[in-house]
Amino acid sequence: MTTVRLTVAQALVRFLAAQHTERDGQRHRLIDACWGIFGHGNVAGIGQALVENGQGPGAPLPFHQGRNEQAMVHAAVGFARHKGRLSAQAVTTSIGPGATNLVTGAALATLNRLPVLLLPGDVFATRAPDPVLQQLEVPYAGDLSVNDTLRPVSRYFDRVLRPEALIPAALGAVRVLADPAETGAVTLALPQDVQTEAHDWPEEFFAERTWRVGRPALESDVLAAAAEAVRTARRPLIVAGGGVHHSEAEAALRAFADVTGVPVASTQAGKGSLRFDHPCDVGGIGHTGTAVADALARTADLVVGVGTRWTDFTTASGTLFPGAARFVNLNITAFDGHKMAGLSAVADARAGLEALTGALRGHRVSPDYEAEYTRSKQSWERTVSEAFAPHPPDADARPSQTQVLGALDSVVGDQDVVLNAAGSMPGDLHKLWRTRSPRQYHVEYGYSCMGYEIPAALGVALAAPERTVWALVGDGTYLMLPTEIVTAVQEGVPLNVVLVQNHGYASIGGLSEQTGGERFGTAYRYRDQDGGYTGDPLPVDLAANAASLGMEVHRAATCEQLREALAAARASDRPTCVYVETDTEPDVPAPGPEAWWDVAVAETSTRPAARAAREEYERQRAQRRRHL
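Residues numbered from 1 in each chain as written. Predicted model: local features only at pLDDT ≥ 70, side-chain atom pairs only at ≥ 80, totals over all residues. Heavy atoms only, no water.

### Topic: the overall build of the chain
Operational definition: Going along the chain from the N terminus, every DSSP run of H or I of four or more residues is numbered as a helix, and every run of E of two or more is numbered as a strand. Two things to know: the radius of gyration comes from C-alpha atoms, and the globule rule equals 2.2 Å times the number of residues to the power 0.38. Note on contacts: a residue pair is in contact if any heavy atoms of the two residues lie within 4.5 Å. Working definition of accessibility: Shrake-Rupley area with a 1.4 Å probe, residue cover restricted to the visible protein chains. Neither His nor the chain ends is counted toward charge; the positive residues are Lys and Arg and the negative residues Asp and Glu. For this purpose, a charge sits on NZ of Lys, CZ of Arg, CG of Asp or CD of Glu.
Within the chain, the secondary structure is distributed over 24 helices and 23 strands. Relative to its length of 628 residues, the chain is compact, with a C-alpha radius of gyration of 25 Å against a globular reference of 25 Å. For the chain, the spread of C-alpha atoms along the principal axes amounts to about 70 × 70 × 55 Å. By sequence separation, contacts in the chain at least 24 residues apart represent 76% of the contacts at least 6 residues apart. Carbon and sulfur atoms make up 51% of the accessible area of the chain, which totals about 25000 Å². For the chain, the distance from the average position of its 56 positive side-chain charges to the average position of its 71 negative side-chain charges is 5 Å.

Pasting the structure below:
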């Protein structure tokens with residue numbers, strides 16, 4: 001057996017550079033690049049190995065310098081999502097806070113079924129220096145480190161305590177990364193001394209390896225049952241989830257809708273599965289859904305979920321679908337296929353939709369049903385246009401948040417990508433955004449993580465440099481994680497940040513008011529004489545902050561100025577920020593929620609607001625159904 005002598009870190013880097021995925025005859029690098037921030041736990045191991053590997057875009061494993069460990073994971077996740085989970089990125093950190101900063105990003109990746117490889121440094125395997133700087137000592141367990149916080153948020157976790165253990169650990173890691181039913185955050189904890197140890201590795205370990213990503217087909221009896229369920233349904237509804245995009249099943253879904261006329265609603269992750277103006281597209285569903293989609297959900301007798309996890313926002317906390325509704329769940333994961341007591345149709349979304357379309361040739365929903373949702377769709381489009389339009393005669397008024405989206409809607413091209421994750425904007429986007437292409441809409445609402453937008457936009461821009469990328473952020477989100485603006489400037493990535501200033505947590509402020517919390521602690525204002533936060537807005541200048549980080553900045557005070565600023569940003573070849581302060585009490589507010597969301601309310605209170613909120617809570621909660 002021929003061997004090559006390398007350190008563990010050098011061997012891992014060489015191994016990762018040789019891994020590929022293949023689907024439908026197209027081959028992709030599994031690990032496209034490695035993000036990193038170096039400290040004593042990885043600088044002499046993975047850091048040295050990356051230097052030895054070569055630097056820059058042409059290196060076997062290119063390196064990106066990050067500013068915050070959580071943000072690096074978000075960037076890698078944004079990259080992986082845009083690549084359809086066929087290509088991912090790695091993230092290396094030191095031990096201690098560098099490693100624990102990965103936890104939020106890892107949870108987001110695993111919850112959203114998106115691959116990212118985490119390579120945190122760890123304490124010495126030999127325990128010769130003990131304790132080391134940043135080591136958490138656990139009195140009852142000598143084999144624990146802070147990296148064990150990553151276990152519950154990882155789909156695969158291993159600690160490489162000896163050089164020869166790298167081979168099974170690395171193979172196990174990439175197996176999970178490449179498996180669409182198992183993927184998520186994958187962690188290889190690397191003790192800092194082991195990273196630097198040399199070993200004689202078999203050359204076969206570094207041979208190019210291709211992990212085939214198949215398209216599992218529906219079993220024949222399941223296909224027959226699913227087709228029969230659609231044929232016999234009077235009011236069927238498709239709910240398209242993120243699995244449609246991951247499987248590149250958009251064309252198959254369009255063909256199914258064209259043949260059957262079944263209306264298609266979408267989750268946050270599935271929005272864009274059909275273009276917004278397709279006759280069967282009825283928009284977002286659930287708590288942040290459209291009036292048309294939620295009305296159809298309330299009267300559906302069959303619901304076909306394609307690649308959805310059935311979260312509480314989609315089901316309106318179990319109140320949206322009638323108790324008589326049957327469910328068919330087409331999903332690559334059996335765990336999700338069995339939800340809602342549905343027929344579990346475990347298969348690749350594209351393969352399953354193609355088979356179902358073939359089995360339903362000649363079948364179409366009734367003309368009355370089609371005419372009904374068509375009229376409702378036309379009515380909702382008028383609602384969208386009204387929310388987006390500037391409202392004269394006060395041309396100098398600040399734009400509302402929906403008018404910000406309307407201005408962006410008038411500027412973007414079909415292939416632009418719009419990112420968001422938290423606050424009130426995901427709800428407005430889910431209801432109102434007119435998605436033109438499958439990957440234009442990128443809202444991370446599985447973990448709804450503030451701070452995701454800017455680093456994820458950087459990841460998307462690296463994945464698709466030909467596309468214009470927009471990160472929509474409120475002031476609360478911006479203040480949490482603006483760090484990767486510096487990375488975008490350093491790398492010359494022309495992402496656009498639309499920075500909306502509304503002086504606080506608008507979404508949670510509204511939720512607080514609805515649930516008896518009286519907007520406590522949700523405004524960014526000075527304290528008043530009673531100690532609350534109802535004074536004047538804070539004199540922060542986030543536009544100046546963005547400029548100080550290297551961005552080109554355009555300030556907009558009116559709808560007309562906003563459209564001009566967005567057009568200038570789209571034409572720029574630099575990282576650009578459009579800053580706008582919004583009207584928090586517009587003449588035409590955003591459409592309200594069409595379905596409930598369960599946020600528990602205090603059962604007893606001396607305050608009238610909380611008592612009234614509890615009464616409404618009890619009324620809504622009584623409508624919850626369990627599908628058995």
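### Notes on the sheet that holds strand β9 (residues 185–191)
Stated formally: One requirement defines pairing of two strands: DSSP has to find at least two bridges between them. Fitted lines through C-alpha atoms give the axes, limited to the stretch in contact for helices. The angle between two N-to-C directions lies from 0 to 180 degrees.
Strand order in the open sheet formed by six strands is β5-β4-β6-β7-β9-β8, with parallel pairing between adjacent strands. Of all the strands in the sheet, the pair left with one neighbour each is β5 (63–65) and β8 (156–159). Mean inter-strand twist for the sheet, computed between neighbouring axes without regard to direction, equals 20 degrees. Sitting on the sheet, helix α3 (residues 69–82) is in contact with β4 (31–36), β6 (88–93) and β7 (116–122), with an inclination near 170 degrees to β6.

### Quick look at helix α10 (residues 250–260)
Rules: The rule is simple: take the accessible area with a 1.4 Å probe, protein chains only, and divide by the maximum for that residue type; under 20% is buried, over 50% is exposed, in between is partly exposed. Along the arc lie the directions from the helix axis toward the C-beta atoms.
Every buried residue of α10 is listed here: Glu250, Ala252, Leu253, Phe256, Ala257 and Thr260. Along the axis of α10, the buried positions cluster into a sector of 165 degrees, meaning they face one direction only. Looking at the buried side of α10, the elements it contacts are β12 (236–240), α9 (242–246), β13 (264–266) and α14 (349–359).

### Looking at the packing of aromatic side chains
Which entries qualify depends on this criterion: Pairing of aromatic rings covers Phe, Tyr and Trp, the last through its six-membered ring, and needs centres within 6.5 Å; plane angles under 30 degrees mean stacked, over 60 mean edge-to-face, and all others mean tilted.
Tallied over the entire structure, the rule returns twelve aromatic pairs. Residues tryptophan 201 and phenylalanine 205 carry aromatic rings whose centres are separated by 5.9 Å and whose planes lie at 20 degrees to one another, so their mutual orientation is stacked. For tryptophan 201, a relative accessible area of 0% corresponds to the buried category. Among the residues examined, phenylalanine 205 registers a relative accessible area of 4% and is labelled buried. Residues tryptophan 310 and phenylalanine 327 carry aromatic rings whose centres are separated by 5.5 Å and whose planes lie at 85 degrees to one another, so their mutual orientation is edge-to-face. In this pair, tryptophan 310 is assigned in the loop between β15 (302–306) and α12 (312–315) and phenylalanine 327 in strand β16 (residues 326–331), connecting sequence segments 17 residues apart. Comparing tryptophan 310 with phenylalanine 327, the two get one shared label, buried. Each residue in the set Phe15, Trp201, Phe205 and Phe206 is aromatic and connected to the rest through ring pairs, giving one cluster.

### With respect to the side chain of threonine 288
Operational definition: Nitrogen and oxygen atoms within 3.5 Å of one another constitute a polar contact, given that in protein one can donate a hydrogen and the other can accept it, and given that sequence-neighbouring residues count only through two side-chain atoms.
Turning to its location among the elements, threonine 288 is positioned in the loop between β14 (281–284) and α11 (291–299). In terms of polar contacts, threonine 288 uses its side chain to reach the side chain of histidine 430, at 2.7 Å. If we skip the residues at most four places from it in the chain, threonine 288 touches Gln268, Phe313, Gly427, His430 and Lys431.

### Describing the nonpolar core
So the rule is basically this: For our purposes a nonpolar core is just a set of buried Ala, Val, Leu, Ile, Met, Phe, Trp, Tyr and Cys residues, chained together by side-chain atoms within 4.5 Å.
Among the nonpolar cores identified, the biggest contains 81 residues, and Ile285, Phe321, Trp470, Leu472 and Leu566 are the most heavily contacted of them. Ignoring sequence-local partners within four residues, the contact set of leucine 566 consists of Ala407, Leu408, Val411, Trp470, Val498 and Val578. Counting 48 residues, the second largest nonpolar core, distinct from the first, contains Val77, Ala471, Tyr478 and Tyr579.

### Things to note about the environment of arginine 67
Its location among the elements puts arginine 67 in the loop between β5 and α3. Relative accessible area serves as the criterion here: at 30%, arginine 67 is assigned to the partly exposed category. Taking C-alpha positions, arginine 67 is 7.2 Å from threonine 487, a pair spaced 420 residues apart along the chain. Excluding its chain neighbours within four sequence positions, the residues that come into contact with arginine 67 are Ile37, Thr483, Glu484, Val486, Thr487 and Gln490. At a separation of 3.1 Å, a polar atom in the side chain of arginine 67 contacts the main-chain carbonyl oxygen of glutamine 65. At a separation of 2.8 Å, a polar atom in the side chain of arginine 67 contacts the side chain of glutamine 490.

### Some remarks on the state of the cysteines
In plain terms, the rule: Note on disulfides: each one is a pair of cysteine sulfur atoms within 2.5 Å.
With the rule as written, the count across this model stands at zero disulfides. The closest cysteine sulfur to the non-disulfide-bonded cysteine 449 is located on cysteine 577, 20 Å from its own sulfur.

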